[in-house]
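Residue-level listing of the chains:
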Amino acid sequence: MLAIEGLTRRFGDVVALDDLGFEVPRGQLHGFVGPNGAGKTTTMRIVLGVLGPDSGSVTWDGRPVTPGSRTGFGYMPEERGLYPKMRVGDQLAYMAELHGLERGPAREAAYDWIERLGLSDRADTRVEELSLGNQQRVQLGAALVHGPDLLVLDEPFSGLDPGGVDVLAEVLAERARDGAAVVFSSHQLELVERLCDAVSIINDGRLVASGEVAQLRARRGGTRLEVEVEGAPDSWWEAVPGVGDWTTDGDTVVLTLEPGADDQQVLAAAAAAGRVRRFGYTRPALAEIFREAVAA
Amino acid sequence: MSFNRSFLLVARREITQRVRERSFLVSGAVTLLIVVAVAILPALLGGDGPETYKVGVAGPEQRAVAAAADAAGGDLDARIEPRRVRDRAQAERLVRDGDLDAALLEGRVVISDEQLPDTLDSALQVGQRQVSTGATLRRQGLSESATRQVLDPPPLRTETLSGEEDEDQKRFIALATGVLLYMQLLTYGLWVATGVVEEKSSRVVEILLSTLSPRALMAGKIVGLGLLGMGQLLLVVAVGVGLALATGSLDANVDDVGPALLVLLWFPLGYALYASMYAAAAALVSRQEDLQSATTPLTIVIVASFFVSFSALEDPGGTLAQVASLVPFSAPLVMPGRMALGDAAPVEVAVAVLLIVATTILLVRVGARVYAGAILRTGKPVKLLEALRTSE
């Protein structure tokens, strides 16, 4: 399990991370979301040891992360980076060796991944001669070639075509099934919602929400009612105690209930106003949870 | 990952990648061609190698003259190959057709198509004098061994007041070492710099630094390229000295060939010093476009030292040469020349080596700190002091 605790980091007067902490167990696909500049990349760089924290700790399976344990990590930085003049096969084999594989197994692993990523006819091509999409595949190979237990990927989906998104999603899910902890950042919240078992939301360097998507939803999901009443006046809910903000769309209204409000009173008011076609709590999208968490 | 293992991996990559690049192969081939040319040119131009002349001989007496001329011709770089001719008519025909360079005939006559080359003329005259003097002495009853002694007295021994016997050859070697070291330091220093910036501008450095330390990356790069430079120098020196000896451009004499091997001592010393500074300077910038302004000060120091090494050849004992051969930044280019000219006292060499080693140790530490502090900072060039502060 990856455990991040009390991470704080300043750049000059700017506080990039402020007492940040969350956990990613093995086998979990963890989404890491937040607005630009929230501190996602800084967090990832600290986990990978590329940057040092001012205070706080990062542990892996209960032990502080060392350069030795980092050879079992796979990293895809936000700024993609490969040796432009190196051939694809050499490049991946070199990355595997840097992560502790011996020379022979490193070459084997490199060629396995080249085949899996559909680059077999490009193994001897220099990276700079590849299309951007193929470069991205090699980049993914560089993060995965040594079979890491922890994958840390900064915006891995950006710049991928839909086919590439599917391939990557499948690879990540497979790594998690095999017992690796996988954490990735993304702005594509529907994708995060679809793929991830859990998410952490950060804003201004602070963690604002973390946990399984269903839990986050449950924590605030009960507060919105969607009600459709045929032929009722637009203001039937105004007299019900505990109803706050609302938005309407035709006969449908979404009501925000204040804590302690009685949903049965709302139902009674609706039935009195007209024919109730629909009555139920909405399942907020991650995007909605995100917006509220960041605004709070 | 341990320092040693990652350092070795980085060094290996530097070597294997570089030798596969066309630019490396081309520049290596050009250097080798220049060295080959320099090594065999003196022999080609120089009259340093002996010239062989075919000379017709009409009878036993003429054959003896030719043999004596050949023996005497060694000092004149003229060898003589005798060919039997039947009579004057045949000799004239062969000389006119160019099959013979000259022919010795009865009655103390030598014929040639055009005027005889000076060296051949001298050799034949000496041969003639020896044969006829020898015949006269024998007729006077002198013994064979006494006759030979008279004909071939020990030559004059030459001595120069400065004690130097072959200043030209020493000067040539001193110049060649200087040029070779200059090219090698500049080329490999710049390769270190462009390699550092390549990793920074392609951002691959961020992945690398997630498993290895900045110091291992910097050290691996410098040592890998340094070994490559050393290997190239070994090849160049072996080919150059080998060819020069084979063609007679150099005399096979330890005193004279030894200085050519000085490059192999001074390249590692100079390279370690400059490469660590080139690596640190390059780490400050993120783009190849900014690299030149970051490395110009270093390049200027190397070029200036090269010019000082020229003037040191003219006046190896002068104050400028003495000081420049001790200062660590110019020593790698100036000291080998002074050593080749036999002008540097052993204690001076020892002091120069100590100074450069001490300076290198210091600069490697500072350079590594600058490198570590700046290597992940992208965008605008990083200020030197800022980089030092960041890595504290």
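Use the structure listed above.
Figured I'd write up the structure that's included with this text. (Residues numbered from 1 in each chain as written. Chains lettered and ligands numbered in written order. Predicted model: local features only at pLDDT ≥ 70, side-chain atom pairs only at ≥ 80, totals over all residues.)

**Let's talk about the overall build of chain A**
Point 1. Assigned secondary structure in chain A consists of 10 helices and 14 strands.
Point 2. Viewed in the frame of its principal axes, chain A has a C-alpha envelope of about 75 × 45 × 35 Å.
Point 3. Per-residue burial for chain A yields a buried fraction of 41% across its 296 residues.
Point 4. Of all intrachain contacts in chain A linking residues separated by at least 6 positions in sequence, the fraction that spans at least 24 positions is 68%. (Helix = DSSP H or I, 4+ residues; strand = E, 2+ residues; numbered from the N terminus. Buried ≥ 20, exposed ≤ 12 C-beta atoms within 10 Å, placed from the backbone. Contact = placed C-beta atoms within 7 Å.)

**Some remarks on the overall build of chain B**
Point 1. Along the backbone of chain B there are 16 helices and 4 strands.
Point 2. A compact globule built from 392 residues should have a C-alpha radius of gyration of about 21 Å, whereas chain B, at 31 Å, is more than 25% larger.
Point 3. Dimensions of chain B along its principal axes, counting C-alpha atoms only, are 100 × 45 × 35 Å.
Point 4. Per-residue burial over chain B gives 41% buried out of 392 residues.
Point 5. Long-range pairs, those at least 24 residues apart, make up 74% of the contacts in chain B with a sequence separation of at least 6. (Rg over C-alpha atoms; globule rule 2.2 N^0.38 Å.)

**Description of the nonpolar core**
Residue and element names in this part refer to chain B.
Point 1. Of all hydrophobic cores here, the largest spans 160 residues; its most connected members are Tyr278, Ala279 and Ala282.
Point 2. When residues in this core are grouped by element, the largest group, 17 residues, is from helix H11 (residues 262–283).
Point 3. Sequence-distant contacts of alanine 282, that is, excluding residues within four places in its chain, are made with Ala193, Val196, Val197, Leu291, Ala294 and Thr295.
Point 4. Ranked by size, the runner-up nonpolar core spans 23 residues in total, among them Ala68, Val95, Ala102 and Leu120. (Core = buried A, V, L, I, M, F, W, Y, C linked by C-beta atoms within 7 Å.)

**Here's the deal with the sheet that holds strand S4 (residues 109–111) of chain B**
Sheet strands line up and pair through hydrogen bonds in the backbone, either parallel or antiparallel.
All names here are of chain B.
Point 1. As summarised here, the arrangement of the 4 strands in space is S2-S1-S3-S4, forming an open sheet in which the pairing is mixed. Of all strands in the sheet, those bounded by a partner on one side alone are strand S2 (78–84) and S4. Recorded for the sheet is a direction-independent mean angle of 30° between the axes of neighbouring strands.
Point 2. Inspection of the sheet shows strand S3 (residues 102–105) paired to S4 by 3 bridges, in the antiparallel sense. Opposite leucine 104, over in S4, you have valine 110 as the bridge partner.
Point 3. Along the sheet face, helix H3 (residues 60–73) touches strand S1 (51–57), S2 and S3 and points at about 165° away from the line of S2. (Pairing = 2+ DSSP bridges. Axes fitted to C-alpha atoms, helices over the stretch in contact; angles between N-to-C directions.)

**Digging into the interface of chain B and chain A**
Point 1. Residue-level contacts link 17 residues of chain B with 23 residues of chain A.
Point 2. Here the side of chain B that touches chain A takes 5 residues from helix H8 (residues 204–208) of chain B, the largest share from any one element.
Point 3. Split into classes, the residues belonging to the side of chain B that touches chain A amount to 9 nonpolar, 5 polar and 3 charged. (Nonpolar A, V, L, I, M, F, W, Y, C, P; charged D, E, K, R; others polar.)

**Here we look at the sheet that holds strand S9 (residues 198–203) of chain A**
Residues and elements named next belong to chain A.
Point 1. Taken together, the 6 strands give an open sheet; going across it, the order is S6-S7-S8-S3-S9-S10, and neighbouring strands pair in mixed fashion. Only two strands of the sheet have a single neighbouring strand rather than two, namely strand S6 (73–76) and strand S10 (206–212). When strand polarity is set aside, the average angle formed by the axes of neighbouring strands in this sheet is 15°.
Point 2. Its contacts with the sheet put helix H5 (residues 132–144) on S6 and strand S7 (150–153), and the angle it makes with S6 is roughly 155°.

**A look at H11(B)**
Point 1. If you check H11(B), its first and last C-alpha atoms are 32 Å apart, about what 22 residues at 1.5 Å a residue would give, namely 32 Å.
Point 2. Here H11(B) lies mainly inside the structure; 19 of its 22 residues are buried. (Expected span 1.5 Å × (residues − 1).)

**Let's talk about the pairing of strand S3 (residues 29–33) of chain A**
Residue and element names in this part refer to chain A.
Point 1. Most of S3 sits inside the fold, with 5 of its 5 residues counted as buried.
Point 2. On S3, burial covers both faces: Leu29, Gly31 and Val33 on one face and His30 and Phe32 on the other are all buried.
Point 3. Relative to strand S8 (residues 181–185), S3 is paired through 4 bridges, and the arrangement is parallel. Bridge pairing in S8 links phenylalanine 32 to serine 185.

**Focus: the pairing of strand S14 (residues 275–281) of chain A**
Residue and element names in this part refer to chain A.
Point 1. In terms of residue burial, S14 counts as a barely covered element, since only 0 of its 7 residues are buried.
Point 2. Pairing of strand S11 (residues 224–230) with S14, which is carried by 6 bridges, proceeds in the antiparallel orientation. Along S14, the bridge assignment pairs valine 227 with phenylalanine 279.

**A closer look at helix H4 (residues 103–116) of chain A**
Residues and elements named next belong to chain A.
Point 1. Counted at 1.5 Å a residue, the expected span for H4 with its 14 residues is 20 Å, and the 20 Å between its end C-alpha atoms agrees.
Point 2. Looking only at H4, the buried set comprises Ala106, Ala109, Ala110, Trp113 and Ile114. Within H4, the buried residues cover an arc of 135° as seen down the axis, which keeps them to one side. When the buried face of H4 is taken as reference, the exposed residues oriented beyond 90 degrees from it are Gly104 and Glu115.
Point 3. Elements in contact with the buried residues of H4: helix H3 (88–98) and H5.
Point 4. The positive-phi residue at the C-terminal boundary of H4 is glycine 118, with phi of around 70°. (Arc of directions from axis to C-beta.)

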